[in-house]
Amino acid sequence: MAAGKEIRAKIKSFENTKKITKAMEMVSASKMRKAQERMRAARPYADKIRNITAHLAQANPEYRSPYMRKVDGAAKAVGFIVITTDKGLCGGLNTNVLRAVTQKMKEVQGAGAQVQAVAIGNKGLGFLNRIGAKVVSQATQLGDRPQIDKLIGPVKTMLDLFVACQLDAVYLCFTRFINTMNQEPQVEQLLPLTAAHLATSAESKSQYGWDYIYEPDAPAVIDELMHRYIEGLVYQGVAENMASEQSARMVAMKAATDNAGNLIAEFKLIYNKQRQAAITKELSEIVGGAAAISG
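Calculation criteria
- Residues numbered from 1 in each chain as written.
- Predicted model: local features only at pLDDT ≥ 70, side-chain atom pairs only at ≥ 80, totals over all residues.
- Heavy atoms only, no water.
- Helix = DSSP H or I, 4+ residues; strand = E, 2+ residues; numbered from the N terminus.
- Rg over C-alpha atoms; globule rule 2.2 N^0.38 Å.
- Buried < 20%, exposed > 50% of the residue type's maximum accessible area, 1.4 Å probe, protein only.
- Contact = heavy atoms within 4.5 Å.
- Areas by Shrake-Rupley, 256 points an atom, 1.4 Å probe, with all protein chains shown as cover.
- Lys, Arg positive; Asp, Glu negative; His and termini not counted.
- Charge placed at Lys NZ, Arg CZ, Asp CG, Glu CD.
- Pairing = 2+ DSSP bridges.
- Axes fitted to C-alpha atoms, helices over the stretch in contact; angles between N-to-C directions.
- Right-handed = clockwise from strand over helix to strand, strands pointing away.
- Parallel < 35°, antiparallel > 145°, perpendicular 65-115°, else oblique.
- Left-handed = near helix turned anticlockwise from the far one by under 90°.
- pLDDT = per-residue confidence, 0-100.
- Salt bridge = Lys/Arg side-chain N within 4 Å of Asp/Glu carboxyl O.

Some points on the overall build of the protein
- Looking only at helices and strands, one finds six helices and five strands in the protein.
- Whereas a compact globule of 295 residues would reach a radius of gyration of roughly 19 Å, the protein reaches 29 Å, over 25% beyond that.
- Projected onto the principal axes, the alpha-carbon positions of the protein cover approximately 115 × 40 × 30 Å.
- In the protein, which comprises 295 residues, the proportion classed as buried is 42%.
- In the protein, of all internal contacts separated by at least 6 residues, the share reaching a separation of at least 24 is 77%.
- Of the roughly 16000 Å² that the protein leaves accessible, carbon and sulfur atoms contribute 56%.
- Across the protein, the mean location of the 38 positive side-chain charges is 10 Å away from that of the 28 negative side-chain charges.

Quick notes on the sheet that holds strand β4 (residues 169-179)
- The strand order β3-β2-β1-β4-β5 describes an open sheet built from five strands, whose pairing is mixed. Edge positions in the sheet fall to β3 (134-139) and β5 (182-191), since each has one partner strand and no second. Taken pair by pair, the neighbouring strands of this sheet meet at an average axis angle of 20°, ignoring direction.

Concerning the pairing of strand β2 (residues 114-120)
- The element β2 is largely enclosed, with a buried count of six among its seven residues.
- Sheet topology note: the strand β1 (residues 77-83)/β2 ladder contains seven bridges and is parallel. Bridge pairing in β2 links G79 to Q116.
- Crossover handedness for the path β1 to helix α2 (residues 93-110) to β2: right-handed.
- Both β2 and β3 contribute to a ladder of five bridges, which runs parallel. Across the sheet, the residue bridging to Q116 is K134, located in β3.
- Traced from β2 through helix α3 (residues 122-130) to β3, the parallel crossover comes out right-handed.

Remarks on the packing of α2 against α3
- Their axes nearest at 11 Å, the elements α2 and α3 cross at an angle of 40°. Viewed along their axes, α2 and α3 adopt a mutual orientation that is oblique. The chirality of how α2 crosses α3 is right-handed. Together, N94, L98, T102 and M105 of α2 and K123, G124, F127 and L128 of α3 make up the contact between the two elements.

Here's the deal with the confidence of the model for the protein
- This prediction gives the protein a mean pLDDT of 86; 93% of its residues lie at or above 70.
- When the criterion is pLDDT under 50, residues 201-205 qualifies, and its contacts beyond four places in sequence or with other chains add up to 13 contacts.

What about the pattern of salt bridges?
- The final tally for this structure, using the stated rule, is nine salt bridges.
- Residues E25 and K22 are paired through a salt bridge, measuring 3.9 Å at the closest nitrogen-oxygen approach. Here E25 pairs with K22, and both are found in helix α1 (residues 2-59), just three residues apart, close to one helical turn.
- We classify E25 as buried; its relative accessible area is 12%.
- The residue K156 makes a salt bridge to D160 at a minimum N-O spacing of 2.9 Å.

Structure (structure tokens):
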């Protein structure tokens with residue numbers, strides 16, 4: 001019964017795996033709800049600071065922020081802020097967004113531009129190092145809750161390069177949370193900011209103007225607000241990515257739990273068939289021996 005012993009060992013192994021994946025599924029479901037709440041809680045801040053920035057920009061049309069500078073001709077250097085997860089076991093979440101990043105990088109490099117990147121998350125950092133991309137800053141081990149103080153440094157590195165005209169454009173790459181079963185990879189232009197970035201609400205598109213008193217002056221206030229707005233966009237991207245991560249992990253672990261259950265059922269059927277065949281063989285030998293003795 002060596003084969004039967006091996007099958008029992010496999011069944012035991014699958015049962016242990018099923019317990020682990022079921023526990024991870026339940027943990028991810030709990031974390032997903034909290035991540036969605038944080039993601040939704042961050043949206044009003046981004047909307048409000050966008051509206052305020054739009055009002056200030058309309059009130060001072062003669063001043064153009066360095067974050068809104070126009071680039072003449074083709075871009076010579078492009079930056080990417082790549083947001084991924086620190087851990088795996090979340091299906092094709094990271095693969096999908098990194099595939100979109102790779103496609104955009106090839107398009108940019110095909111146009112003759114150099115690429116620099118900021119990695120937020122271990123998976124993205126490892127990928128960028130493998131393809132030989134220039135990583136100017138990184139942020140890893142963010143945990144289950146996005147923390148703005150860990151994001152300010154890497155984001156400022158990219159903003160300083162753009163303000164110093166060492167970059168002509170910056171793209172934000174992350175996974176947008178749609179619902180529990182659907183998450184979409186996004187590669188969006190972050191810089192330069194355009195009027196479309198700011199004028200996205202009915203309030204910011206209104207025809208009336210505003211008059212402000214500035215301290216210390218209008219350029220400093222507008223630039224600081226735009227800086228905070230960009231940081232808010234990156235924070236929102238990280239929050240969306242974390243919600244997507246927990247959703248994808250929950251779905252992946254549920255699929256793994258179901259597959260483990262199917263394998264357990266199949267191996268139990270094989271084991272029972274072998275056991276029944278062995279019992280039938282023993283009975284046949286006993287009946288044959290009894291018939292030979294009586295004969």
